[in-house]
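Residue-level listing of the chains:
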Amino acid sequence: MLSPAVLLSLIAACFANTGVGKAETQTLREAAARHRMIIGTAADAVHLKENDYATTLSGEFNQLQAENEMKFDALHPRPDTDPNPYNFGPADQLVEFAQSHKMLVRGHTLMWHSQVARWVTGGHYTPDQLSTILKGHIDTVMKHYAGKVYAWDVVNEAFNDDGALRSTIWYNRPGIGLADQGTKTIEQAFRWAHDADPKAQLFYNDYGIETLGKKSDAVYAMLKDFRARGVPVYGIGFQCHFDLSFDNPGALNSFEQNLKRFAGLGLKLHITELDIRLKDSSDASLQAQAKLYGELAGICVKQRACKLFQIWGFTDKYSWIPGFTRGAAGWALPFDDHYQKKPAYQAIFDAFK
């Protein structure tokens, strides 16, 4: 994991030339810098050639995370027997863009049940063979980005809503041979990741763990055990894919208390994939969305262990929400599809300011 000195230098670099100290801040990255926080977003390399996209991305955020380019099927589309099993091109474009604009890069994700290459899912591999494939993937990817990607979602979405471990190709279908040992599969992925890049910050990431409940209890128990036994886990990522129903005192208080208990384990907290979907774009809906964005940013600012406030994309033009909900929802991000700031933008800005 990164030493405090190395992390400080990284954060300082991404805050450089943000204008902190001026009488009036102008951007989200400048406002976040006042709290030594990271304001991030998911990005896609294919859109970098669009001027408004690139300008907004680099001007407003001090971190980017690949929305898809660093997932298994994108990075490792061909079997290891192929002369060129990896495709780093698009992900490298994002890293180069970030470096040229003094932005941090966060990696997503090394072990996940979804978006696994077809040569793996259809290969009828034995557990020993899958173990070799996964270890090789983690080792190759992390070494390729060592010194360029400061943090990784090592394992993503390993639990069901009821707190049971999810049935996946890596866990038990057929798995890497550790399914009878509970969370040992997850632990092994973290150990492999640490061996590959000892300086990287390693995170467990999931949805539905934002509030107190069976799923977050299971993740808490796992990470408490990991911390007690020296498993190299640095922090936890809360996805936060919400709608307006989350804006109620019970949910917000539960969210705040949940952050507090994970921070009590000595973990760093990242809000990793925040969006707030709407059923329409009326002024009332946009104002309600802004209120919730501001409340969530305020909770993160108050919790000292919360180091990242990251939105899953930033412009409605390229949001995943309409496709995911078959058009039943949208308008989930702080910029509209013409890159104009929505009320949500100002609410986040004000919470940081």
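Values in this document were obtained by computation on a predicted structure and should not be read as measured data.

Moving on to the overall build of the protein. Scanning the protein for helices and strands turns up 13 helices and nine strands. Relative to a compact globule of 353 residues, whose C-alpha radius of gyration would be 20 Å, the protein shows 20 Å and is just as compact. Principal-axis analysis of the C-alpha atoms places the extent of the protein at approximately 60 × 45 × 45 Å. Here the protein holds 353 residues, and 56% of them are scored as buried. In the protein, the proportion of contacts linking residues at least 24 apart, taken out of those at least 6 apart, comes to 75%. As presented, the protein carries roughly 14400 Å² of accessible surface, and 51% of it is formed by carbon and sulfur atoms. Distance between charge centres in the protein, computed from 37 positive and 39 negative side chains, equals 6 Å.

Running from N to C, helix H10 (residues 249-263) and helix H11 (residues 283-302) cross one another at 25°; their axes reach a closest spacing of 10 Å. One element, H10, and the other, H11, form an angle in the roughly parallel class. Of the two elements, H10 crosses H11, and the hand of that crossing is right-handed. In this structure, H10 contributes Leu252, Phe255, Glu256 and Leu259 to the contact, and H11 contributes Leu292, Glu295, Leu296, Ile299 and Lys302. Of the residues contributing to the contact of H10 with H11, the split by class is six nonpolar, no polar and three charged.

What follows is about the packing of aromatic side chains. Each pair of aromatic rings is reported with the distance of its centres and the angle of its planes. Considering all chains together, one arrives at 22 aromatic pairs under this definition. Ring geometry for tyrosine 53 against phenylalanine 314: centres 4.8 Å apart, planes inclined by 40°, an arrangement best described as tilted. Of this pair, tyrosine 53 sits in helix H3 (residues 51-60) while phenylalanine 314 sits in the loop between strand E9 (306-311) and helix H12 (321-324); the two residues are 261 residues apart in sequence, bridging distant segments of the chain. Between phenylalanine 72 and tryptophan 170, the ring centres sit 5.9 Å apart and the planes meet at 35°, which makes this aromatic pair tilted. With phenylalanine 72 in helix H4 (residues 72-75) and tryptophan 170 in the loop between strand E4 (151-156) and helix H8 (184-196), this residue pair connects regions lying 98 residues apart in the sequence. Residue phenylalanine 72 is classed as buried on the basis of its relative accessible area of 4%. Directly above the ring of phenylalanine 203 sits arginine 106, whose terminal nitrogen or CZ lies 4.9 Å from the centroid. The ring of tyrosine 220 carries the charged tip of arginine 261 above its face, separated from the ring centre by 4.8 Å.

Residues Trp170, Leu223 and Phe309 are the most contacted members of the largest nonpolar core, which totals 105 residues. Setting aside its immediate chain neighbours within four residues, leucine 223 contacts Tyr204, Val233, Ile236, Phe262, Leu265 and Leu267. Of all hydrophobic cores here, the second largest spans seven residues; its members include Ile38, Leu104, Ala151 and Leu308.

Below, the discussion takes up the pattern of salt bridges. Opposite charge on two side chains permits pairing when their charged atoms draw close. Within this structure, the stated rule accounts for 16 salt bridges. Ionic pairing is found between glutamate 187 and lysine 184, a salt bridge with its closest N-O pair at 3.4 Å. In this pair, glutamate 187 and lysine 184 both sit in helix H8, three residues apart, roughly one turn of the helix. A salt bridge links aspartate 217 to arginine 261, with the shortest nitrogen-to-oxygen separation between them at 2.9 Å. Of the two residues, aspartate 217 sits in helix H9 (residues 214-229) while arginine 261 sits in helix H10, which places them 44 residues apart along the sequence. One salt-bridge network, held together by shared partners, links Lys184, Glu187, Arg191, Asp225 and Arg229.

What follows covers the state of the cysteines. This structure, assessed with the given rule, holds one disulfide. Here cysteine 300 engages in a disulfide with cysteine 306; their sulfurs sit 2.0 Å apart. Looking down the S-S bond of the cysteine 300 and cysteine 306 bridge, the torsion is -90°, so its handedness is left-handed. Like cysteine 306, cysteine 300 is buried. Unpaired in terms of disulfides, cysteine 240 finds its nearest cysteine sulfur in cysteine 306, a separation of 8.7 Å.

What follows deals with unusual backbone geometry. In this chain, histidine 108 is followed by threonine 109 through a cis amide linkage whose omega measures 0°. Along the chain, the position of threonine 109 falls in strand E3 (residues 104-111). A cis amide bond links arginine 173 to the next residue, proline 174, at an omega of 0°. Among the structural elements, proline 174 can be located in the loop between E4 and H8. Positive phi outside glycine occurs at arginine 326, with the angle close to 55°. Within the element layout of this structure, arginine 326 appears in the loop between H12 and helix H13 (343-352). Among the residues examined, arginine 326 registers a relative accessible area of 82% and is labelled exposed.

On to H10. The end-to-end C-alpha separation of H10 is 21 Å, in line with the 21 Å expected for 15 residues at 1.5 Å each. Turning to H10, its buried residues number three or more, namely Ala251, Leu252, Ser254, Phe255, Asn258, Leu259, Phe262 and Ala263. Tucked into the core, H10 has its buried residues touching H9, strand E6 (235-238), strand E8 (268-277) and H11. For H10, the N-terminal cap is asparagine 248; the gap from its side-chain oxygen to the backbone nitrogen of glycine 250 is 3.0 Å.

What counts as what
- Residues numbered from 1 in each chain as written.
- Predicted model: local features only at pLDDT ≥ 70, side-chain atom pairs only at ≥ 80, totals over all residues.
- Heavy atoms only, no water.
- Helix = DSSP H or I, 4+ residues; strand = E, 2+ residues; numbered from the N terminus.
- Rg over C-alpha atoms; globule rule 2.2 N^0.38 Å.
- Buried < 20%, exposed > 50% of the residue type's maximum accessible area, 1.4 Å probe, protein only.
- Contact = heavy atoms within 4.5 Å.
- Areas by Shrake-Rupley, 256 points an atom, 1.4 Å probe, with all protein chains shown as cover.
- Lys, Arg positive; Asp, Glu negative; His and termini not counted.
- Charge placed at Lys NZ, Arg CZ, Asp CG, Glu CD.
- Axes fitted to C-alpha atoms, helices over the stretch in contact; angles between N-to-C directions.
- Parallel < 35°, antiparallel > 145°, perpendicular 65-115°, else oblique.
- Left-handed = near helix turned anticlockwise from the far one by under 90°.
- Nonpolar A, V, L, I, M, F, W, Y, C, P; charged D, E, K, R; others polar.
- Phe/Tyr/Trp six-rings, centres within 6.5 Å; stacked < 30°, edge-to-face > 60°.
- Lys NZ or Arg CZ within 6 Å of the ring centre and 35° of its normal.
- Core = buried A, V, L, I, M, F, W, Y, C linked by side-chain atoms within 4.5 Å.
- Salt bridge = Lys/Arg side-chain N within 4 Å of Asp/Glu carboxyl O.
- Disulfide = S-S within 2.5 Å.
- Expected span 1.5 Å × (residues − 1).
- Polar contact = N/O pair within 3.5 Å; in protein donor to acceptor, adjacent residues only side chain to side chain.

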